[in-house]
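Below are the chains, spelled out letter by letter.
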Amino acid sequence: MAVIAFTQEMATLGSDVATGVCEALGLEMVRHEVGDHVAGKMHVKKSLIRRLREGKAGPFERWTADEKSISIFTAEEVYDLAVKGNVLIRGWGATMLLRDVRHVPCIRVCAPMDLRVERLMKRLETDDEKLSRHEIEVDDHARASRMAEHFGVDWGDPSLYDLTLNTERIPVATCVDIVVGLARSAPFQETPESRRHLEDLALASRARAALKANPATTDINVHIEAKDGRLVLRGIVANDREHAVCHEVVGSVAGPAGIEDDLATMSGRMKTFPQQHLRK
């Protein structure tokens, strides 16, 4: 099942490229839906998530925003979409979250600033070059800041992507053909190993989201990963009660392989759970 992670700069015709790829491969395109689901899980307005993402939130909104929750719930949504397959995910850090999954091509569409300004002026039907340039600069800054904060990377680094397309030189139709060809090529076909890796990433992400969503564990910070369908918990919790509730919450999303619990309490004692608690 094809999955494409896609990012674009404003006014690069990236949306046209994404649409053409989805039509050619029969994929669902997902963009704003990710933020809408995140807003629902956080019980905030959809418009708040969009303003934060676009760099247009006010000082109070930025101050009160729970960026960690946004990051955790966004990752859960992106991984779940990728597991379902047949999807092109635009933005939301998908190119970073999925770049280690071998069958997912990570695509970036760009263009020179002056051309982008020209295109945005045409789209807005305005001759205000200063306004158009400002809109692009705000959007670029917001994207770069999110990538640096959440992933510690330079969003513009071409080595982060499998393919970077410059629509100043490459027409949209040709960009579509190139992406489709890459998605159909042998290196980007799903294998049992790449599928298992993606499912492990999704499982670990669901466990992190379950902890964050539960009031009893929302502030507990432990390391979670998944190996061959088995959740692995590591870290230190305050006491046996925190240990038990953390194990219980994570257990609610664990699969048949169960949980490997390596959590320790502040006292340094390890808690051993009966075998039946290692199963969902």
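Structural data are supplied above this passage.
All values derive from a computational prediction rather than experimental measurement.

Q: How would you explain the sheet that holds strand 7 (residues 230–237) if you had to name every residue and give the values?
A: Pairing is mixed across the open sheet formed by 3 strands, whose spatial order is 6-7-8. Among the strands making up the open sheet, the edge pair consists of strand 6 (223–227) and strand 8 (259–265). Shown here is a sheet whose adjacent strand axes are inclined to one another by a mean of 10°, direction ignored. Pairing of strand 7 with strand 8, which is carried by 7 bridges, proceeds in the parallel orientation. Across the sheet, V237 pairs through a bridge with T265, a residue of strand 8. Sheet strands touched by helix 10 (residues 192–213): strand 6 and strand 7. Its angle to strand 6, the strand with the most contacts, is close to 150°. The strands touched by helix 11 (residues 240–251) within the sheet are strand 6, strand 7 and strand 8, with strand 8 carrying the most contacts at an inclination of about 160°.

Q: If you had to explain the sheet that holds strand 3 (residues 87–90) to someone new, which residues and values would you point to?
A: What the 5 strands build is an open sheet, ordered 2-3-1-4-5; its pairing is parallel. Bordering the open sheet on either side are strand 2 (28–30) and strand 5 (163–166), each of which pairs with just one other strand. Across the sheet, the axes of successive neighbouring strands diverge by a mean angle of 20°, strand direction being ignored. Sheet contacts for helix 9 (residues 172–184): strand 1 (3–8), strand 4 (106–110) and strand 5; angle to strand 5, the most-contacted strand, approximately 170°.

Q: Explain the pattern of salt bridges residue by residue, including any values.
A: Summed over the entire model, instances satisfying the criterion amount to 18 salt bridges. The salt bridge partner of E77 is K41, with a shortest N-O separation of 3.7 Å. You can see E77 sitting in helix 5 (residues 67–84) and its partner K41 sitting in helix 2 (residues 32–42), a full 36 residues away along the chain. Salt-bridge contacts for D139 lead to R143; the nearest nitrogen and oxygen are separated by 2.6 Å. On the criterion of helical spacing, the pair formed by D139 and R143 is a turn pair, its members being 4 residues apart in helix 8 (residues 129–151). Judged by relative accessible area, R143 falls into the buried class, the value being 9%.

Q: A description of the side chain of S194 should follow, citing residues and the corresponding values.
A: Turning to its location among the elements, S194 is positioned in helix 10. Given the relative accessible area of 6%, S194 is considered buried. Excluding residues within four positions of it along the chain, S194 makes contact with V101, R102 and H103.

Cut-off values and rules
Sequence positions are assigned chain by chain, starting from 1 and proceeding in written order. In keeping with the model being predicted, local features are shown solely for residues with a pLDDT of at least 70 and side-chain atom pairs are shown and tallied solely at 80 or more, while totals for entire chains, interfaces and linings include all residues. To get the side-chain values, take all heavy atoms of the structure and skip hydrogens and water. At least two DSSP bridges between two strands are needed for those strands to be called paired. Runs of E in the DSSP output that reach at least two residues are strands. Runs of H or I that reach at least four are helices, and both are numbered from the N terminus. Axes here refer to lines fitted to C-alpha atoms; in helices the fit is confined to the stretch in contact. Angles between the N-to-C directions go from 0 to 180 degrees. Any two residues having at least one pair of non-hydrogen atoms within 4.5 Å are treated as being in contact. The rule for a salt bridge is simple: a side-chain nitrogen of Lys or Arg has to be within 4 Å of a carboxyl oxygen of Asp or Glu. Only protein chains enter the accessibility calculation, which uses a 1.4 Å probe. A residue is then buried if its area is under 20% of the maximum for its type, exposed if over 50%, and partly exposed in between.

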